[in-house]
Amino acid sequence: MQFLDLAEMPRISFRYAGKSSNDFLPGWKQQASTEQLPSGTVTHVTYSDPVTSLQVHVHTLRFDGFLAMDWVVEFENCGMADTPIIEDILPLDVSVPMPPQERLRLYHANGSACRIDDFLPLISEMPPQNQKRLAPFGGRSSNGTFPFMNLQRKGCGLVLGIGWSGQWAAKFERGKDSVRLAAGMKHTHLRLHPGEKIRTPRILALLWEGDDATQGNNLLRRLLAAHYLPRIDGQLVIPPVAQCLQAYFYLTGKASEQLEMASLPKTAAVGAEVYWIDACWYGGRGQWWEEVGSWVVNRDKFPNGLKPISDAAHKAGMKFILWFEPERVRPNSLLHREHPEFLLSSEENPSNLLLNLGMPEARQYITNLISQLITENGVDIYRQDFNFDPLPYWQAADAPERIGMTEIRHIEGLYAFWDELRRRHPKLWIDNCASGGRRIDLETLSRSLPLWPSDFSDVVGLPFGQGLHVGGQCINAGLARWVPLFGGGVWNFTPYSTRSQIIGGFTFGYHIAHRDFPDDETAFIIGHNDVLAKGKTILDSDFPLEEAQAAIKEWKSIRPFFLGDFYLLLPLTVSYHDWCAWQFHREDLAAGLAMFFRRHRSPFPTMEVDLKCIMPGAQYEVSLSVGYQEAPRQRISGQELARLTVTIPEVPGSLLLRYTRIG
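Heads up: these notes are all about the structure in this document. This one's a predicted model, so the numbers in the text were calculated from it and none came from an experiment. (Residues numbered from 1 in each chain as written. Predicted model: local features only at pLDDT ≥ 70, side-chain atom pairs only at ≥ 80, totals over all residues. Heavy atoms only, no water.)

This paragraph deals with the overall build of the protein chain. On a plain count of helices and strands, the protein chain comes out with 15 helices and 41 strands. Taking 26 Å as the expected radius of gyration for a compact globule of 663 residues, we find that the protein chain reaches 25 Å, a close match to that expectation. In terms of principal-axis extent, the alpha carbons of the protein chain reach across some 75 × 65 × 45 Å. Across the 663 residues in the protein chain, those meeting the buried criterion constitute 62%. For the protein chain, the share of sequence-separated contacts (at least 6 apart) that also reach a separation of at least 24 residues comes to 71%. Accessible area of the protein chain: about 25000 Å², with a carbon and sulfur share of 51%. With 65 positive and 74 negative side-chain charges, the protein chain shows a separation of 2 Å between the mean positions of the two kinds. (Helix = DSSP H or I, 4+ residues; strand = E, 2+ residues; numbered from the N terminus. Rg over C-alpha atoms; globule rule 2.2 N^0.38 Å. Buried < 20%, exposed > 50% of the residue type's maximum accessible area, 1.4 Å probe, protein only. Contact = heavy atoms within 4.5 Å. Areas by Shrake-Rupley, 256 points an atom, 1.4 Å probe, with all protein chains shown as cover. Lys, Arg positive; Asp, Glu negative; His and termini not counted. Charge placed at Lys NZ, Arg CZ, Asp CG, Glu CD.)

The structure is reproduced here in structure tokens:
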């Protein structure tokens, strides 16, 4: 049984001159062609209106090796006059028969909102005569709501992914004997001028069979790794371990070439792979957020530019990452003074301006500027942040009969901007940040990795005390259910703290001893700078270099498993009293690992868990490591391993299980 028939997809809908496309689109002239790509077969279908010369192009990729398809719909005015109004554009709009007695569940997740429950798994029951609507906040695609969903019915399911880095919307409406699935931009009501062409959100539909929704999530992880995630020279871009002094800058206001060069040798010595400079290198004398739009190296701090630092990083075997925020422009910045015509404003947020990436001249300007800075400063990883909501700016710029047009052009411009940077710099990585992970979707994932998926892992999480690590467990395990590769942030190098963050890559800047985190009773009374002031950076002589080195060594040893299938072994919560446990399995290696966390208020020293993908009749070599040194391996039966009793006496404490099937 399958959730729906992919042969009948894609199903789209829109209204044109007040009429539903269901009434006229089948009667329009159609032209079709196909081409074969390494990933599958692409079909191009064009529908042409003989009256107004509007053309609707549907580009569909059917993947080899997956019951999955991906499509993008475009609208093009090939006539000599404006089109009638095109509105309510839904690149996905399909109804699926479903008996009223059948159970339907929607698995989805929080997006990123700088909260302890970022990416927390959510389940919505969908009984007959019920509906669920999902959309992000403010125009960033994973701001509060995540653009991937998994629908489960009896014996099968459907994973949906949305590729639109703006204001998408999805709705699931179950009637008496069917369920309607619809997704697209939240609001479209526009005319196209002669020669204009626009695109719509990308849609991914992936079918899976079985009774466990995790099967669908793991198929999605495999599909993303095989056909979406960025590659350089044919190899997947893998999140690194990096060091950054940005929190030191927050605390002291100090940033300089001397400080960066002093930290570089130690950074390399502990095994870091990337040297990271964040928002402290540009502009004049204002705060970092006051200087966005002035993209020149601050010569008071870095008199020789940043090239000496990147050269030293490269000589030490590391890559160099540099932070930018090109879409946000402060009033009176260089960009504002020189090119005010490139900027959009909003009465809701007059202290920030939006660079209009939908304007070709503005996009060309910022592309040339940042490309030059990448070259001059030896940048290997371009980090793009985005710290405010663009939706009010887009809405303010739209004319009444062009609603949605500014957003469309901006999102198209964003993709063109990134694609051009990658064309000019073929070995460039892109790190996608937006106040943490607020712009993660199918399109951004195909061009970038989110190396900082939640700002809860930044200094704002420090007043939570041990809750910072609970949040880290939730953020990492929640996101790993959908996305295979991303980063995180580490603030303490004890095994419990580091392991809470290491599903993927991670970044560190401080080591803060557990005793210096606020306890639950004083949490939020103490500010983040009070906590930072007690910490140690890699500049300090008493920074725990050996512990950091051991943590990175362990992380590197388990990194190959991060592309495996991922399983939550216990319900994922943010309760301080609960345990957290997850597993990676690589069937091609006949091996895997599991991580167990006893949180700081858990009264339970022992937990029973059911491991996945274990063959009861096989034999396994297993180690259970409390510390970074791997414990001696022992041989046990698959039956014993599949139903495992785990004991962690320490509070908080963690345990790393490694296993390999023998024979």
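Turning next to the side chain of Arg586. Relative to the helices and strands, Arg586 is located in strand β35 (residues 579-586). For Arg586, a relative accessible area of 17% puts it in the buried group. In this structure the side chain of Arg586 is engaged in a polar contact, spanning 2.7 Å, whose partner is the side chain of Asp588. Setting aside its immediate chain neighbours within four residues, Arg586 contacts Pro560, Phe561, Leu563, Gly564 and Ala591. (Polar contact = N/O pair within 3.5 Å; in protein donor to acceptor, adjacent residues only side chain to side chain.)

With that settled, the discussion passes to the sheet that holds strand β8 (residues 92-97). Either a parallel or an antiparallel arrangement is found when strands of a sheet pair, and the pairing is made through backbone hydrogen bonds. The strand order across the open sheet built from four strands is β8-β15-β14-β11, with neighbouring strands paired in antiparallel fashion. Two strands close off the open sheet at either side, each with one partner strand: β8 and β11 (130-134). Mean inter-strand twist for the sheet, computed between neighbouring axes without regard to direction, equals 10°. With seven bridges connecting them, strand β14 (residues 168-174) and strand β15 (residues 178-185) associate as antiparallel partners. For Ala169, the partnering residue across the bridge sits in β15 and is Gly184. (Pairing = 2+ DSSP bridges. Axes fitted to C-alpha atoms, helices over the stretch in contact; angles between N-to-C directions.)

Next up on the list: the pattern of salt bridges. One pass over the full model with this rule turns up 39 salt bridges. Put simply, Glu8 and Arg11 hold a salt bridge, and the shortest N to O gap is 3.0 Å. Judged by its relative accessible area of 46%, Glu8 is partly exposed. Between Asp278 and Arg383 there is a salt bridge, with the nearest N and O atoms lying 2.9 Å from each other. With a gap of 105 residues between them, Asp278 in the loop between β22 (274-277) and α5 (307-315) and Arg383 in strand β27 (residues 381-384) connect regions that are remote in the sequence. Owing to a relative accessible area of 8%, Asp278 belongs among the buried residues under this scheme. Overlapping salt bridges bring together Asp70, Arg199, Arg202, Asp419, Arg422, Glu443 and Arg447 as one network. (Salt bridge = Lys/Arg side-chain N within 4 Å of Asp/Glu carboxyl O.)

Close contact between helix α4 (residues 257-269) and α5 brings their axes to 10 Å; oriented N to C, the two are set at 0°. When the interaxial angle is binned, α4 and α5 end up roughly parallel. Only Pro308, Ile309, Ala312 and Ala313 of α5 make contact with α4, whose side of the interface consists of Glu257, Glu260, Met261 and Leu264. For the contact of α4 with α5, the class distribution of residues is six nonpolar, no polar and two charged. (Parallel < 35°, antiparallel > 145°, perpendicular 65-115°, else oblique. Nonpolar A, V, L, I, M, F, W, Y, C, P; charged D, E, K, R; others polar.)

Quick look at unusual backbone geometry now. Here the residue pair Met9 and Pro10 is connected by a cis peptide bond, since its omega of 0° sits within 30 degrees of zero. The topology assignment puts Pro10 in the segment before β1 (13-16). Residues other than glycine seldom take positive phi values, yet Ala17 does so here, at roughly 55°. Structurally, Ala17 is set in the loop between β1 and β2 (19-20).

Okay, the environment of Ile321 next. Note that Ile321 resides in strand β23 (residues 319-324). Sequence separation between Ile321 and Phe584 is 263 residues; the distance between their C-alpha atoms is 29 Å. Here Ile321 is in contact with Val274, Tyr275, Trp276, Ile277, Ile381, Arg383, Asp431 and Leu451, once residues within four sequence places are set aside.

Taken together, five strands build an open sheet; the order of strands is β2-β1-β7-β16-β28 and the sheet is antiparallel. Of all strands in the sheet, those bounded by a partner on one side alone are β2 and β28 (402-403).

Here we take up the nonpolar core. Formed by 197 residues in total, the largest nonpolar core has its most connected members in Phe3, Trp281 and Phe508. Top contributing element to this core by residue count: helix α9 (residues 405-424), with eight residues. (Core = buried A, V, L, I, M, F, W, Y, C linked by side-chain atoms within 4.5 Å.)

In this section: the side chain of Arg598. Of note, Arg598 is situated in strand β36 (residues 591-598). Buried charge without a salt bridge: Arg598, with Glu650 as the nearest opposite-charge side chain at an N-O distance of 6.9 Å. Looking at Arg598, its side chain comes within polar contact range of the main-chain oxygen of Phe604, at 3.1 Å. From its side chain, Arg598 meets the backbone oxygen of Ile648 in a polar contact 2.9 Å long. If sequence neighbours within four positions are ignored, Arg598 has contacts with Tyr496, Trp579, Pro603, Phe604, Pro605, Ile648, Pro649, Glu650, Val651, Pro652 and Gly653.

End to end, helix α14 (residues 545-558) covers 20 Å across 14 residues, agreeing with the expected 20 Å (1.5 Å per residue, within 8%). Within the span of α14, buried status applies to Ala548, Ala551, Ile552, Glu554, Trp555 and Ile558. For α14, the arc enclosing every buried residue in end-on projection is 160°, short of the 170-degree limit, so these residues lie on one face. Pointing more than 90 degrees away from the buried face of α14 are the exposed residues Glu546 and Lys553. Buried residues in α14 make contact with β21 (241-244), α12 (495-499), β31 (506-508), β36 and β41 (653-662). (Expected span 1.5 Å × (residues − 1). Arc of directions from axis to C-beta.)

Applying the stated rule across the entire model yields 34 aromatic pairs. Plain terms: the ring middles of Phe388 and Tyr393 are 5.2 Å apart, the flat faces sit at 90° to each other, and that makes the pair edge-to-face. On the basis of relative accessible area, Phe388 is assigned to the buried category, the value being 5%. With relative accessibility at 1%, the residue Tyr393 sits in the buried group. (Phe/Tyr/Trp six-rings, centres within 6.5 Å; stacked < 30°, edge-to-face > 60°.)

Here helix α2 (residues 214-227) contains 14 residues, and its C-alpha end-to-end distance of 20 Å stays within 8% of the 20 Å for a straight helix at 1.5 Å per residue. Among the residues making up α2, those that are buried are Gly216, Asn217, Asn218, Leu220, Arg221, Leu223, Leu224 and Ala225.

The interhelical angle for the contact between helix α7 (residues 360-376) and α9, taken along N-to-C directions, is 35°, at an axis separation of 10 Å. Viewed along their axes, α7 and α9 form a crossing whose handedness is right-handed. Mapping the contact onto sequence places Arg363, Gln364, Ile366, Thr367, Asn368, Ile370, Ser371 and Ile374 in α7 and Gly413, Ala416, Phe417, Glu420, Leu421 and Arg424 in α9. A per-class count over the contact of α7 with α9 returns six nonpolar, five polar and three charged. (Left-handed = near helix turned anticlockwise from the far one by under 90°.)

Read these as spatial facts, not as claims about activity.
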